[in-house]
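Analysis of the macromolecular model
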Amino acid sequence: MSVKNYNPFARLLHWLMAVIVASMICAGFYMANLDDEHPMKWDIYIIHMAFGFTVLCLIPIRLLWYLTTERPDFVSMPGAQRVVAKATHLLLYALLFMMPISGLTMALAGGSEVWVFGAFTIDALAVKDEQLAELGRDFHHLCAWIIAATVLLHVSAALRHHFVKKDATLLKMLGRVRSNRLITR
Ligand code: HEM
Ligand code: HEM
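The present account deals with the structure reproduced in this document. No experiment lies behind these values; they were computed from the predicted model shown.

We now examine the site of ligand 2. As a structural note, the neighbourhood of ligand 2 is formed by 22 residues, with A18, H89, L92, A158 and M173 the closest of them. Of all elements in the fold, only α1 (8–32), α3 (79–109), α4 (130–163) and α5 (169–174) reach the threshold of two or more residues within the shell around ligand 2. Top contributing element to the shell around ligand 2 by residue count: α1, with six residues.

Another aspect to go through is the environment of L142. Positionally, L142 belongs in helix α4. Taking the C-alpha atoms as reference points, L142 and M99, separated by 43 residues in sequence, lie 9.5 Å from one another.

What follows is about unusual backbone geometry. As a rule of thumb, non-glycine residues mostly have phi less than zero, and peptide bonds are mostly trans rather than cis. Positive phi is not limited to glycine here, since F117 has a value of about 50°. Locating F117 in the fold gives a position in the loop between β1 (114–116) and β2 (120–122). F117 gets classed as exposed once you count the C-beta atoms within 10 Å, which come to 11. At K166, a residue that is not glycine, the phi angle is positive and equals roughly 55°. Here K166 lies in the loop between α4 and α5. What makes K166 exposed here is the crowd of 10 C-beta atoms within 10 Å.

Cut-offs applied
The residue count restarts for each chain, going from 1 along the sequence in the order it is written. Written order decides the labels, with chains lettered from A and ligands numbered from 1. For this predicted model, a pLDDT threshold of at least 70 governs which residues receive local features, and a threshold of 80 or more governs which side-chain atom pairs are given and counted, while totals over whole chains, interfaces and linings are taken from all residues. Put plainly, near means the residue's C-beta atom, positioned from the backbone, lies within 6 Å of the molecule or strand in question. By definition, any uninterrupted DSSP run of H or I lasting at least four residues is a helix, any uninterrupted run of E lasting at least two residues is a strand, and each is numbered from the N terminus. With C-beta atoms placed from the backbone, a residue counts as buried when 20 or more other C-beta atoms lie within 10 Å of its own, as exposed when 12 or fewer do, and as partly exposed for counts between those limits.

This is the structure we're talking about:
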């Protein structure tokens with residue numbers, strides 16, 4: 001019989017990264033649209049880059065955990081919906097790699113160092129590579145819209161399961177499923 005809830009470490013990583021990533025998306029769009037002279041702009045950039053690097057460190061641990069520990073089954077739903085749910089999760093995982101990698105490429109190739117909360121600093125490339133920086137920027141911007149839309153879809157689906165279908169999808173991620181019947185609460 002499969003487990004009822006996501007295990008505590010999977011839940012911790014999910015919610016920790018959900019808060020970081022949601023804030024990064026909002027801060028990213030906000031800072032990119034600020035005037036260059038805005039007093040906060042570069043502070044937000046520095047913090048955005050530090051948290052982005054944190055996501056890059058956490059995501060391999062999360063993926064490894066996802067692949068090696070048991071997860072609860074999806075609640076009962078039509079085959080097509082199950083495929084969409086699975087594909088959304090895989091896409092989110094891919095984007096959580098692509099966002100920080102493209103961000104780092106843009107920053108380091110463009111001549112910015114990356115400060116990591118005072119613990120250490122990643123130096124920029126010795127010689128600027130504008131073409132590589134441009135490639136990183138284009139990819140980061142494209143992925144930014146895709147991750148924003150995917151997260152929106154993912155959160156809407158989670159809330160729909162909880163409030164409309166009233167099944168145990170969200171409860172599994174909160175560690176609150178007590179019965180083996182996942183179909184209804
Ligand atoms: C999960 C990780 C990340 C997320 C969700 C994220 C999200 C975003 C978003 C939504 C934008 C605005 C894009 C737009 O205006 O089209 C942005 C811009 C930016 N991000 Fe990230 N980012 C992440 C990681 C990083 C990392 C690791 C770095 C660098 C080390 C970075 C550097 C930047 C920079 C420099 C910009 C401004 C680009 C510009 O002004 O043209 N990001 N990010
Ligand atoms: C904002 C960034 C978020 C990201 C990147 C994200 C990513 C993911 C990923 C990759 C999974 C697959 C399971 C796993 O890896 O542990 C997952 C599962 C899940 N997420 Fe999120 N999530 C986010 C936010 C949220 C929010 C805000 C909610 C609730 C409103 C939520 C509810 C769920 C639920 C209920 C599951 C389990 C789905 C199932 O197994 O049927 N997520 N999430």
